[in-house]
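# Understanding the architecture of this molecule
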Amino acid sequence: MHEFALMQTVLKLVEEKAQAHGLVRVTRVKLVVGKMTMALPAALELAFDALGRGTVAEGATLEIEEREVRLACPACGLEFSPELPHLGCPRCGETAPRLVQGRELYLDYFEGEDAG
Ligand SMILES: [Zn+2]
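Conventions and cut-offs
- Residues numbered from 1 in each chain as written.
- Predicted model: local features only at pLDDT ≥ 70, side-chain atom pairs only at ≥ 80, totals over all residues.
- Heavy atoms only, no water.
- Donors = N, O, S within 2.8 Å, 3.2 Å for Na, K, Ca; no water.
- Helix = DSSP H or I, 4+ residues; strand = E, 2+ residues; numbered from the N terminus.
- Buried < 20%, exposed > 50% of the residue type's maximum accessible area, 1.4 Å probe, protein only.
- Salt bridge = Lys/Arg side-chain N within 4 Å of Asp/Glu carboxyl O.

### Focus: the coordination of the zinc ion
Around the zinc ion, the protein contributes the donor atoms Cys 73 (SG), Cys 76 (SG), Cys 89 (SG) and Cys 92 (SG), which lie 2.3 Å from the metal centre. Here the donor residues of the zinc ion are spaced in sequence according to C-x2-C-x12-C-x2-C. One end of the pair, Cys 76, is in the loop between β3 (70-72) and β4 (79-80); the other, Cys 89, is in the loop between β4 and β5 (98-101), and 13 residues separate them in sequence. Note on Cys 76: relative accessible area 29%, which makes it partly exposed.

Below is the structure:
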């Protein structure tokens, strides 16, 4: 369940940032999750609900934007979305393309309410 570990990191960041901005409650959290992370949205939501209890983000809406895996071919320059599990370049057959998108997992933004 590496989603729990990932979510722990995200929630810690949300708490720090909420505190820095004087927010007493966080209402919405948006994450960008690349498919290469193998993190499942349903498991992330579960982790968010479980770990968010008792924190500033308790009851907040979690929004997840999934990013497709994108690869770039070093031989012919083509950028493409692979048909997993085949990672080779569809144009020239190069077998070791470079990952350009899909391994990211980050906090995009969050919204909340301040004390006033
Ligand atoms: Zn190629």
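Once the structure has been displayed, the description carries forward.
### As for the pattern of salt bridges
The final tally for this structure, using the stated rule, is 9 salt bridges. A salt bridge links Lys 12 to Glu 16, with the shortest nitrogen-to-oxygen separation between them at 3.4 Å. Linking Lys 12 with Glu 16, this pair stays in helix α1 (residues 2-20), spanning 4 residues, or about one helical turn. We classify Lys 12 as exposed; its relative accessible area is 54%. With a closest N to O distance of 3.3 Å, Lys 30 and Asp 108 form a salt bridge. One end of the pair, Lys 30, is in strand β1 (residues 23-34); the other, Asp 108, is in strand β6 (residues 105-114), with 78 residues separating them in the sequence. Overall, the relative accessible area of 10% leaves Lys 30 in the buried class. A single salt-bridge network, built from bridges that share partners, covers Lys 30, Glu 65, Arg 67, Glu 104 and Asp 108.

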